[in-house]
Amino acid sequence: MATYIVLLGPPGVGKGTQAKILAEKTGLVHVSSGDLFRENIKNLTELGKLAKSFMDKGELVPDDVTIAMIKDRLARPDCEAGAILDGFPRTPAQANALKKMLASINGDVNVVPFITAEPATLIERVSGRWTCRAQGHIYHQKFNPPKVAGKCDIDGSELYQRDDDKAETVARRINVYLEQTSPLVDYYRTQRKLVEIDGTQPIEKVTVALLSAIKN
Ligand code: ADP
Ligand code: ADP
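Residues numbered from 1 in each chain as written. Chains lettered and ligands numbered in written order. Predicted model: local features only at pLDDT ≥ 70, side-chain atom pairs only at ≥ 80, totals over all residues. Heavy atoms only, no water.

Q: Is there a simple way to think about the site of ligand 1 in this case?
A: Not every one of the 18 residues close to ligand 1 is listed here, only the nearest: Gly12, Thr17, Arg129, Tyr139 and Gln201. Interatomic distance of 2.6 Å between a side-chain N/O atom of Thr17 and an oxygen atom of ligand 1. Arg125 places a polar side-chain atom, nitrogen or oxygen, 3.2 Å from a nitrogen atom of ligand 1. For the shell around ligand 1, the residue count by class is eight nonpolar, seven polar and three charged. (Near = heavy atom within 4 Å. Polar contact = N/O pair within 3.5 Å; in protein donor to acceptor, adjacent residues only side chain to side chain. Nonpolar A, V, L, I, M, F, W, Y, C, P; charged D, E, K, R; others polar.)

Q: Help me understand the packing of aromatic side chains, please; the structure alone is not making it clear to me.
A: Aromatic ring pairs: the centre-centre distance and the angle between the two ring planes describe each pair. Across all of its chains, the model carries one aromatic pair by this definition. When the centroid spacing of 4.8 Å and the interplanar angle of 80 degrees are considered together, the rings of Tyr187 and Tyr188 count as edge-to-face. (Phe/Tyr/Trp six-rings, centres within 6.5 Å; stacked < 30°, edge-to-face > 60°.)

Q: Even after reading the chapter, I still don't get the site of ligand 2, so can you show me in this structure?
A: For ligand 2, the set of nearby residues contains 20 residues, the closest of which are Ser33, Arg38, Glu59, Gly87 and Arg173. Arg38 is positioned such that a nitrogen or oxygen atom in its side chain is 2.9 Å from an oxygen atom of ligand 2. The separation between an oxygen atom of ligand 2 and a polar side-chain atom of Arg90 is 3.1 Å. Protein chains shield 96% of the accessible area of ligand 2, which is 560 Å² for the free molecule. Looking at the shell around ligand 2, the element that brings in the most residues is helix α2 (residues 33-42), giving four residues. Class assignment of the residues belonging to the shell around ligand 2 gives a composition of six nonpolar, six polar and eight charged. (Areas by Shrake-Rupley, 256 points an atom, 1.4 Å probe, with all protein chains shown as cover. Helix = DSSP H or I, 4+ residues; strand = E, 2+ residues; numbered from the N terminus.)

Q: How should I be thinking about the pattern of salt bridges in this particular structure?
A: When the charged atoms of two side chains with opposite charge come close together, those side chains can pair. By the definition in use, this model includes 16 salt bridges. The partner of Glu46 in a salt bridge is Lys49, with the nearest N and O atoms 3.2 Å apart. Of this pair, Glu46 and Lys49 both sit in helix α3 (residues 46-55), three residues apart, roughly one helical turn. Among the residues examined, Glu46 registers a relative accessible area of 60% and is labelled exposed. Its salt-bridge partner being Arg173, residue Asp165 comes within 3.0 Å of it at the nearest N-O pair. (Salt bridge = Lys/Arg side-chain N within 4 Å of Asp/Glu carboxyl O. Buried < 20%, exposed > 50% of the residue type's maximum accessible area, 1.4 Å probe, protein only.)

Q: Can you help me understand the pairing of strand β3 (residues 82-86) in this one?
A: Within β3, five of the five residues are buried, which leaves the element mostly enclosed by the surrounding structure. The alternating pattern of β3 places Gly82, Ile84 and Asp86 and Ala83 and Leu85 on opposite faces, both of which are buried. In terms of strand pairing, strand β1 (residues 3-7) meets β3 through five bridges, oriented parallel. Along β3, the bridge assignment pairs Ile5 with Ile84. With four bridges joining them, strand β2 (residues 29-32) and β3 adopt parallel strand pairing. Of the residues in β3, the one forming a bridge with His30 is Ile84. (Pairing = 2+ DSSP bridges.)

Q: Is there a simple way to think about the nonpolar core in this case?
A: The nonpolar side chains of a soluble globular protein tend to be buried, and buried together. Ranked by internal contacts, the top residues of the largest apolar core, which has 32 residues, are Leu8, Val31, Leu74, Leu98 and Tyr188. If one sorts the elements of this core by residue count, helix α5 (residues 92-103) sits on top with five residues. Ignoring any residue separated from it by four or fewer positions in sequence, one finds Val31 in contact with Leu36, Ile70, Arg73, Leu74, Cys79, Ala83, Ile84, Leu85 and Asp86. (Core = buried A, V, L, I, M, F, W, Y, C linked by side-chain atoms within 4.5 Å. Contact = heavy atoms within 4.5 Å.)

Q: Help me understand the packing of α2 against helix α4 (residues 63-74), please; the structure alone is not making it clear to me.
A: A pair of packed helices is captured by two measures, namely the crossing angle of their axes and the spacing between those axes. At a closest axis distance of 11 Å, the pairing of α2 and α4 adopts a crossing angle of 100 degrees. With respect to α4, the element α2 is oriented roughly perpendicular. Seen from α2, the contacting residues are Ser33, Leu36, Phe37 and Asn40; seen from α4, they are Thr66, Met69, Ile70 and Arg73. Of the residues in the contact of α2 with α4, the class split is four nonpolar, three polar and one charged. (Axes fitted to C-alpha atoms, helices over the stretch in contact; angles between N-to-C directions. Parallel < 35°, antiparallel > 145°, perpendicular 65-115°, else oblique.)

Q: Please explain the side chain of Gln94 as it appears in this structure.
A: Within the secondary structure layout, Gln94 lies in helix α5. The class of Gln94 is buried, set by a relative accessible area of 3%. Residues within four places of Gln94 in sequence aside, it is in contact with Asp63, Thr66, Ile67, Phe88 and Pro89.

Q: What should I look at first to understand the environment of Ile115 in this one?
A: Within the secondary structure layout, Ile115 lies in strand β4 (residues 109-116). Along the backbone, Ile115 and Ile197 are 82 residues apart, and their C-alpha atoms lie at a distance of 4.7 Å. Once you skip the residues sitting within four places of it in the chain, Ile115 turns out to touch Leu8, Gly9, Pro10, Val13, Lys15, Ile197, Gly199 and Leu210.

Now the structure itself:
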């Protein structure tokens, strides 16, 4: 049976950071909707153009195109053993669509670690975030600095600050999360899939908590 892990939590809480570590430790593929949109923006695709118009405002990209993109990604051979989903689903419609697409291959979401932190922490994290141009590796100027300033430790590419990590856009993204994504907490809690993780701990401690949540 394939394993599907959904990382839930507000923007900046550490989902991407942890998804990359978990992917290495479990061998499951990291599927990030945000990374997929940014790849489309970089490649100047129609989807990228559409997504950018929403992302720049801190709004969600419409469900239909987001769902189609993820469906396509999960159908690729490297997802046969399952995936670590980061940033998807973000609305009840997306969660229902995920359930349907997994049911069609006899799968289901196995566990939903819900990583939490207060808005002040999220803002501090996002405003110090530096992202690698080539593959989206994630750094923080204070909490997880690269060895050489401005350069990715892993692939040497340039680090940049995301356009949507500006203070006013981050505030909007946190509100969008509260309005549109937070209903998923109850959705997965009712299904007994939710495991709460204290996201204010250092990166290594959050990883330990996640690994234990996944094992159980
Ligand atoms: P998300 O994918 O949930 O938006 P990221 O993984 O991109 O979050 O993390 C946001 C920022 O916070 C990054 O700069 C990252 O280096 C930093 N960060 C992630 N986890 C922690 C942590 N546990 N403690 C301190 N900083 C963290
Ligand atoms: P963060 O790491 O801060 O949580 P992401 O990289 O996951 O941010 O997402 C960046 C932006 O991409 C979002 O603000 C939104 O515009 C868009 N996006 C990502 N995932 C989704 C999704 N599942 N549904 C709709 N829009 C999404």
